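For reference, the chains in residue letters:
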Amino acid sequence: MPSRYRSLTVLFALLLLSATAALAEYGRAEKKQIAELAPEYREWLIIVEHLISDDELETFLGLEKEYQRDAFIRRFWLERDPYPETARNEFKRRWEERVDYARSNFDNLEDDRARLLLLNGAPLRRLVVKCPTRFYPMEVWFYDGSDTVGFQFFLIFVRPGDVGPFRLWYPTDGLERLFNTMFVDRTAPPDLSEIERFCEDGRFIVTAIAWTLNEGRTGFPLILMRIEERPEPPGGEWVATFNAYSTDLPEDAAPLPAELAVQYPGRQQSRTVTQGVLRVPRAEAGTSQLADYRSYNFLLNGEVLREGELFEAFRYKFDLPSGEVQGDTLPMVFQRTLRPGEYTLIVKLEDLNSGKFFRTQQALIVPELDKDLPPPPPADPETARLLREANAAISSGETTLQLIEPHGELHTGYMRLDTLTTGEEFDKVTFFVDGKPVLTKKRPPYSVDVDLGDLPRTRKLRAVGYDEAGEEIASDEILVNASRQRFAVRLVEPRKGRTYTDSLLAEAEVSVPDNGTVERVEFYLNETLLATLYQPPYTQPVVVPPEGEIAYVRAVAYQPDGNSTEDLVFINAPEYLEEVDVQFVELFTTVLDRDKRPVDGLTRESFQVFEDGVQQQILRFEQVKDLPFHAAIMLDVSASMDESLDTVQQAALSFFQNTLTPKDRATLITFNDRPNLAVKFTNEVNSLAGGLAGLKAERGTALYDSLIFTLYYFNGIRGQKAALLLSDGKDEASRFSFDDTLEYARRAGVTLYAIGLKEAAKDGGAKRKLSQLAEETGGRAFFIRDPAELAAIYQTIQEELRSQYLIAYQSSNSTGETSFREVELKVDRSGLEVKTLSGYYP
């Protein structure tokens, strides 16, 4: 083995074992279960062997009904569809095309050629080696980039002993594994020069072998990690959700007396609102009790079948406070929107306190409602009374207003804002920017030019349509320059200032990060949890308090990892009641001693917080050792980084390997004359390692543009956030200035650690600017001449991220001013340095 890559042997072996373990090799027990499936399901599992995760396979094999398996397969492909809004599933089509290619060229999908073709696509050139007696059967593939990498690479496949499937050749296998030892001298080292003399296309073969060996010096293990990695399974917990929606009863389930009534209270465009009301005798229900609080708690799973196939599944959880329930029965309301037609509805209701179950299956004939006629009244008078107002709020869908999302990101300056409207009731449309009206238009087209300013700040844009009486009839709201990582919920209904007498139809809209999912949405009346919805549409009828009582509706959305966001709207509040925007400020703080080491053991009393010179009351204090964080590694890959790039890659990889825990997320952003999102936020070290592979140093340096791009990418993420910037030069090609970048950094709430390398460590202006950016955001700046020092710096940063104080206060500034507020954090011990953000924009 050449010495130039011997030092990477251990790393290579670990990565190889990791990649091999990741393959979906079905075990003996799984193969037995698969053999019992119908032929079409066995065939499907062969096709997706290198795609399906362990959780997905376990769930699929546990399904008992064919309509459930069919629904699982549809959902499996849908979760991987990059453009679910289109009719064609590009991922599924591309994967099936590769399966057909592999089968037609390799007979089956069992050898490494099929596996690597499925993962990377067809090579640009595929050479079947023709070299009689010299080699075992061998193929050389050349890629000019693939789905997973953007650079050129070779793959060499060999069938040792001329038996069995082809296997990928790794440089650690040695050249001997390529040569047929029956026809070459076993005592002499393999001679590559013989290949050019005796083999057809010998120069191409030698080039491929040499490239594979030489890449060991600059990260061949990382390249293999990237090209052997299976496509990342869909984000979120869709498998657990699918499994939890089952309507099958457990064995020996105790029966729960209940009744289900179905009614059709309204229409939404071409769909009919189908409303189910479940009633359970109060005397038959169990209760939970926590201190003095008692409640009834139920879990509802439902399935809607159409023509024998699963049309949709839904899930609700109901929590009914015992002191607020009137009458002898417990009502639970759920809604779905279905097109007119014939369906089968299956409902399973579980009493979480008694362990009893109710299950029913009934045919539905969903009517087509006439928009000019009122819907049929519900058969139950009490339900009709309670839900009359909520059902009256169901929109027909004939009058709508939609803001058109602008294309691209990082919008600045003037931007055209257009809308789509339906219906004839509009008298005017008013546009708002950050809650302030900017223009009212009396006739279509309803559009406006808005000034977003010089920096790509997040702006809330809202359009409201009114009829001739001045009543709001439709509205929409979007956020411009909100990162794709944003997670937010908005209550569309109820509306501020509107009066509700008996009930209302609460409706929430949720925005999730790229590849993210919503685990559930909870609806509260005041602080009482009423219902939990696990799938859209997020609408729920709510019975309001008696007239004169002030209340609020709250919607809380959760992601599978526990991250949450909420929105609140007061209902029936008097005009003089002001909703104050309370500014809750969180300071993630590092305290260093004279040797720049983190200081532990300080107490709440050790700190004082000042905002614009006014002391604030500390409401939360905690020393956190392992607080989850989001971190961005920013790597300069401009031309001047060429000699340092290998060391930089290894140092970044070590940071990912040594720092990330399952709750953390990291992203890799490379930049030269423009930023590039190499790897999205993830906790998968393999994906981050793959992003480090194949980097090439070229072109100039757009430092400020890349910083703003990175900080923008953090938009919408809560909690501890840090950006680790590495650059060896000053800015050369940015559209934004240093002052722009400094202001944007102040707004972002992201701690910046700046590492100046080589020239950046000698240039006084560059050092001063990087230091100011770090100081203003609560981070630190490091300046080094030798890239070998990087590992120690990353270790220092890791220790600081893992040893911080979380100090939070509620700002006493209620003026509503939006100018920069300076924050000063003092500690009562001399010789200590406090690192936290210098201020914030409310």
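Below or above, wherever it landed, is the structure these notes cover. Here the structure is a predicted model, which is why all the values come from computation and not from measurement.

### Comments concerning the sheet that holds strand β20 (residues 472–480)
With respect to topology, four strands assemble into an open sheet ordered β17-β16-β19-β20, the strand pairing being antiparallel. For this open sheet the edge positions go to β17 (436–441) and β20, each flanked by a neighbour on one side alone. Adjacent strand axes in the sheet meet at a mean angle of 20° when their direction is disregarded. Of the strand pairs in this sheet, strand β19 (residues 459–466) and β20 are connected by eight bridges, and their pairing is antiparallel. Within the sheet, the bridge partner assigned to L461 lies in β20 and is I478.

### Description of the sheet that holds strand β2 (residues 138–144)
On the basis of which strands lie adjacent, the open sheet formed by four strands has the order β1-β2-β3-β4 and antiparallel pairing. Edge positions in the sheet fall to β1 (125–128) and β4 (167–168), since each has one partner strand and no second. Relative to β2, β1 runs antiparallel, the two being bridged by four bridges. Within β2, the residue paired with R126 across the bridge is W141. Strand contacts of helix α7 (residues 112–120): β1, β2, β3 (152–158) and β4, with the helix running at about 5° to β2, the strand carrying the most contacts.

### Here we look at the environment of G839
Mapping G839 onto the fold places it in strand β41 (residues 839–840). Judged by relative accessible area, G839 falls into the buried class, the value being 4%. G839 sits 15 residues away from E824 along the chain, and the two C-alpha atoms are 7.7 Å apart. Sequence-distant contacts of G839, defined by excluding residues within four places in its chain, comprise R746, F820, R821, E822 and V823.

### Considering the pairing of strand β15 (residues 414–422)
Direction of pairing for strand β14 (residues 400–403) relative to β15: antiparallel, over a ladder of four bridges. Across the sheet, T400 pairs through a bridge with T422, a residue of β15. Of the pairings in the sheet, the one linking β15 to strand β18 (residues 447–451) comprises five bridges and is antiparallel in character. By the bridge assignment for β18, D418 is matched with S447.

### Comments concerning the packing of helix α4 (residues 54–62) against helix α5 (residues 66–78)
Between α4 and α5, whose axes approach to 9 Å, the crossing angle comes to 160°. As summarised for this structure, α4 and α5 are arranged roughly antiparallel, according to the angle between their axes. Like other packed secondary-structure pairs, α4 and α5 cross with a definite hand, here left-handed. Here α4 contributes E56, T59 and F60 to the contact with α5, which in turn contributes R69, F72, I73 and F76. In the contact of α4 with α5, the residues fall into four nonpolar, one polar and two charged.

### Things to note about unusual backbone geometry
Residue P445 is reached from P444 by a cis peptide bond, and omega for that bond is 0°. Topologically, P445 is positioned in the loop between β17 and β18. Here the amide bond leading from P536 into P537 is cis, since omega sits at 0°, within 30 degrees of zero. By the element assignment, P537 lies in the loop between β24 (528–533) and β25 (539–543). Of note in the backbone geometry, D434 takes a positive phi value of approximately 50° without being a glycine. Counting through the fold element by element, D434 comes out in the loop between β16 (428–433) and β17.

### A few points about the side chain of D593
Summarising the element assignment, D593 is placed in the loop between β28 (584–592) and β29 (607–611). From its side chain, D593 meets the backbone nitrogen of D595 in a polar contact 2.9 Å long. Those residues in contact with D593 that lie beyond four places of it in its chain are V599, G831 and L832.

### A closer look at the nonpolar core
Nonpolar side chains tend to gather and get buried jointly when the protein is soluble and globular. Within the largest apolar cluster, 110 residues are counted, with the highest numbers of intra-cluster contacts made by W44, L45, F60, L178 and Y794. Apart from residues lying up to four places away in sequence, L45 is in contact with Y26, I34, L37, I52, L57, F60 and L61. Judged by nonpolar contacts, the second largest core, of 49 residues, contains Y316, V325, Y538 and V544.

### Things to note about the packing of helix α3 (residues 39–47) against α4
Closest axis-to-axis distance for the α3/α4 pair is 13 Å, and the angle between their directions is 180°. Judged by the inter-axis angle, α3 sits roughly antiparallel to α4. Listed contacts from α4 to Y41, W44 and L45 of α3 are L57, F60 and L61. Here the residues of the contact of α3 with α4 sort into six nonpolar, no polar and no charged.

Cut-offs applied
- Residues numbered from 1 in each chain as written.
- Predicted model: local features only at pLDDT ≥ 70, side-chain atom pairs only at ≥ 80, totals over all residues.
- Heavy atoms only, no water.
- Pairing = 2+ DSSP bridges.
- Helix = DSSP H or I, 4+ residues; strand = E, 2+ residues; numbered from the N terminus.
- Axes fitted to C-alpha atoms, helices over the stretch in contact; angles between N-to-C directions.
- Contact = heavy atoms within 4.5 Å.
- Buried < 20%, exposed > 50% of the residue type's maximum accessible area, 1.4 Å probe, protein only.
- Parallel < 35°, antiparallel > 145°, perpendicular 65-115°, else oblique.
- Left-handed = near helix turned anticlockwise from the far one by under 90°.
- Nonpolar A, V, L, I, M, F, W, Y, C, P; charged D, E, K, R; others polar.
- Polar contact = N/O pair within 3.5 Å; in protein donor to acceptor, adjacent residues only side chain to side chain.
- Core = buried A, V, L, I, M, F, W, Y, C linked by side-chain atoms within 4.5 Å.

Just distances and angles here, no functional claims.
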